[in-house]
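Observations on the three-dimensional arrangement
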Amino acid sequence: MIKLSSKVRYALLALLELASQYEQGNCLQIDQIVASQPIPEGYLVQVLIALRRCGLVSSQRGARGGYSLNKAPWEITLFQIVACLEGKPQPWGQETSLNAENLLIEKIWQEAENSVTTVLGSYTLQDLCDRREKSRCSNSMFYI
């Protein structure tokens, strides 16, 4: 029902790569991110520009430059990422006449929106990193 846009998906993949370098303080260049994640380079540039405008990442010029997180991964919620790229949710029904039925529908949609906001606000980029690591560990088991 709720669709994850390509922009948000690519941002999450790029942010996972940046988060993996956060503790070391390393910047990642666009070609390094693209080598690790299936993100079209041109699209990645636009996503990183948007994330920089929101203050989630910073960029550094030069041979050793690239992109890095502005905050710790445990301080960045998924809601912040989605809101940065997609904008904050707008109230439904502003252009619709608000009869009893429309008010009922609007109330239910608002409940759904609140639930999504709550869930996305409860997960951080660090949570994604932890789950990725756990998944990698469980997938690395093999049997003889």
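Residues numbered from 1 in each chain as written. Predicted model: local features only at pLDDT ≥ 70, side-chain atom pairs only at ≥ 80, totals over all residues. Heavy atoms only, no water.

Considering the overall build of the protein chain
Here is the rule: Secondary structure is summarised from DSSP: a helix means a run of H or I of at least four residues, a strand means a run of E of at least two, and numbering begins at the N terminus for each. Here the term buried applies to any residue with accessible area under 20% of the maximum for its type, exposed to any over 50%, and partly exposed to those in between, with areas from a 1.4 Å probe on protein chains only. Per-residue and other accessible areas were derived by the Shrake-Rupley procedure at a 1.4 Å probe size, with only the shown protein chains allowed to occlude residues.
In terms of regular secondary structure, the protein chain is built from six helices and two strands. In the protein chain, the order of α-helices and β-strands from amino to carboxyl end is α-α-α-β-β-α-α-α. For the protein chain, the proportion of its 144 residues judged to be buried stands at 31%. Carbon together with sulfur atoms contributes 53% to the accessible area of the protein chain, which is approximately 9,800 Å² in total.

Re the nonpolar core
Short version of the rule: Nonpolar core, defined: a set of buried Ala, Val, Leu, Ile, Met, Phe, Trp, Tyr and Cys residues in which side-chain atoms within 4.5 Å join the residues together. Contacts between residues were defined by any pair of non-hydrogen atoms, one from each residue, lying within 4.5 Å.
Judged by nonpolar contacts, the single largest core of 28 residues is most densely connected at Leu15, Leu18, Ile33, Leu48, Leu51, Leu69 and Ile81. Put simply, the parts of the chain that give this core at least two residues each are helix 1 (6-20), helix 2 (30-36), helix 3 (41-53), strand 2 (66-69), helix 4 (78-86) and helix 6 (125-139). For this core, the element with the most residues is helix 1, which contributes nine residues. Aside from chain neighbours lying at most four places away, what touches Ile33 is Ala14, Leu18, Leu28, Ile39, Leu44 and Leu48.

Things to note about the packing of helix 1 against helix 3
Counted only if it meets this: A fitted line through C-alpha atoms represents every axis, and for helices the fit uses only the stretch in contact; the resulting angles, taken between N-to-C directions, go from 0 to 180 degrees. Any angle between 65 and 115 degrees counts as roughly perpendicular, while under 35 counts as roughly parallel, over 145 as roughly antiparallel, and the rest as oblique. As a working rule, the residues Ala, Val, Leu, Ile, Met, Phe, Trp, Tyr, Cys and Pro are called nonpolar, Asp, Glu, Lys and Arg charged, and the rest polar, with Gly in that last group.
For the pair helix 1 and helix 3, the least separation of the axes is 10 Å and the interaxial angle reads 80 degrees. By the angle between their axes, helix 1 is roughly perpendicular relative to helix 3. Contact residues: Ser6, Lys7, Tyr10, Ala11, Ala14, Leu15 and Leu18 in helix 1; Tyr43, Leu44, Val47, Leu48 and Leu51 in helix 3. Of the residues in the contact of helix 1 with helix 3, the class split is 10 nonpolar, one polar and one charged.

Quick look at the pattern of salt bridges
Where charged atoms of side chains with opposite charge meet at close range, the side chains can pair. Basically, it comes down to this: Criterion for a salt bridge: a side-chain nitrogen of Lys or Arg within 4 Å of a carboxyl oxygen of Asp or Glu.
Tallying each qualifying case throughout the model produces one salt bridge. With a shortest N-O distance of 2.9 Å, Arg132 and Glu17 are connected by a salt bridge. In this pair, Arg132 is assigned in helix 6 and Glu17 in helix 1, connecting sequence segments 115 residues apart. For the residue pair Arg132 and Glu17, the accessibility class agrees, reading buried in each case.

Concerning the environment of Glu23
Along the chain, Glu23 falls in the loop between helix 1 and helix 2. What makes Glu23 exposed here is its relative accessible area of 65%. Taking the C-alpha atoms as reference, Glu23 lies 8.5 Å from Ala72; in sequence the two are 49 residues apart.

Some points on the pairing of strand 2
Heads up, the rule is: Strand pairing is assigned whenever DSSP detects at least two bridges linking the two strands.
Residues Gly66 and Ser68 of strand 2 are buried on one face, and the alternating residues Tyr67 and Leu69, pointing to the opposite face, are buried as well. Pairing of strand 1 (residues 57-60) with strand 2 involves four bridges; the strand directions are antiparallel. What sits directly across from Val57, in strand 2, is Leu69. Two successive antiparallel strands, strand 1 and strand 2, enclose a turn made up of five residues, where Gly62 displays a positive phi of approximately 110 degrees.

Remarks on the state of the cysteines
The condition that has to hold: Cysteine sulfur atoms are paired as a disulfide whenever they come within 2.5 Å of each other.
In this structure the tally under the stated criterion is one disulfide. Covalently, Cys54 is tied to Cys84 through a disulfide, its sulfur atoms 2.3 Å apart. With the S-S dihedral at roughly 95 degrees, the linkage between Cys54 and Cys84 falls on the right-handed side. Taken together, the residues Cys54 in the loop between helix 3 and strand 1 and Cys84 in helix 4 connect sequence positions 30 residues apart.

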